[in-house]
Amino acid sequence: MNAKKIAVYILVVFVLYVIITDPSRAADYVQIGFEGISDAAKAIGDFFTWLADGAH
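Residues numbered from 1 in each chain as written. Predicted model: local features only at pLDDT ≥ 70, side-chain atom pairs only at ≥ 80, totals over all residues. Heavy atoms only, no water.

S.K.: What should I look at first to understand the pattern of salt bridges in this one?
M.R.: Close approach of charged atoms lets side chains of opposite charge pair. Scanning all chains against the criterion turns up two salt bridges. With a shortest N-O distance of 3.0 Å, Asp46 and Lys42 are connected by a salt bridge. Here Asp46 and its partner Lys42 are both found in helix H2 (residues 23-52), four residues apart, which amounts to about one turn of the helix. Overall, Asp46 belongs to the partly exposed group, its relative accessible area being 43%. (Salt bridge = Lys/Arg side-chain N within 4 Å of Asp/Glu carboxyl O. Helix = DSSP H or I, 4+ residues; strand = E, 2+ residues; numbered from the N terminus. Buried < 20%, exposed > 50% of the residue type's maximum accessible area, 1.4 Å probe, protein only.)

S.K.: Where do I start with the packing of helix H1 (residues 3-21) against H2 in this structure?
M.R.: Across the interface, H1 lies against H2 with an axial gap of 5 Å and an inter-helix angle of 125 degrees. When the axis of H1 is compared with that of H2, the two are oblique. Contact residues: Val18, Ile19, Ile20 and Thr21 in H1; Pro23, Ala26 and Tyr29 in H2. Of the residues that constitute the contact of H1 with H2, the class distribution is six nonpolar, one polar and no charged. (Axes fitted to C-alpha atoms, helices over the stretch in contact; angles between N-to-C directions. Parallel < 35°, antiparallel > 145°, perpendicular 65-115°, else oblique. Contact = heavy atoms within 4.5 Å. Nonpolar A, V, L, I, M, F, W, Y, C, P; charged D, E, K, R; others polar.)

S.K.: Explanation requested: the environment of Trp50 in the structure shown.
M.R.: Along the chain, Trp50 falls in helix H2. Those residues in contact with Trp50 that sit more than four places away from it in its chain are Ala55 and His56.

S.K.: Mind showing me how you'd approach H2 here?
M.R.: Structurally, the α-helix is built with 3.6 residues per turn, so residues lying three or four positions apart point the same way. For H2, built from 30 residues, the straight-helix expectation of 44 Å at 1.5 Å per residue is met to within 8% by its first-to-last C-alpha distance of 43 Å. Looking one or two residues past H2, Gly54 carries a phi angle of roughly 100 degrees, positive in sign. (Expected span 1.5 Å × (residues − 1).)

S.K.: When you look at the packing of aromatic side chains in this model, what are you seeing that I'm missing?
M.R.: How two aromatic rings sit relative to each other is set out by the distance from centre to centre and by the angle between their planes. According to the stated counting rule, one finds two aromatic pairs in the structure shown. A centroid spacing of 5.5 Å and a plane angle of 70 degrees characterise the contact between Phe47 and Phe48, whose relative ring orientation is edge-to-face. Taken together, a centroid distance of 5.9 Å and an interplanar angle of 35 degrees make the contact between Phe47 and Trp50 tilted. Taken together, the residues span about one helical turn, with Phe47 and Trp50 both in helix H2 at a distance of three residues. (Phe/Tyr/Trp six-rings, centres within 6.5 Å; stacked < 30°, edge-to-face > 60°.)

Listed below in structure tokens is the structure:
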């Protein structure tokens, strides 16, 4: 097995462990992740709007 497969396996096991042992914490992690993705998408949109407006 290569290192990447081992790392993915460990990550999956950890995620399943968190979900099983503390579902509310797992929900918090998912919410934090989606907020981060949303913020990143908004920042990219703002950047392209700035470029489209002539980068002023």
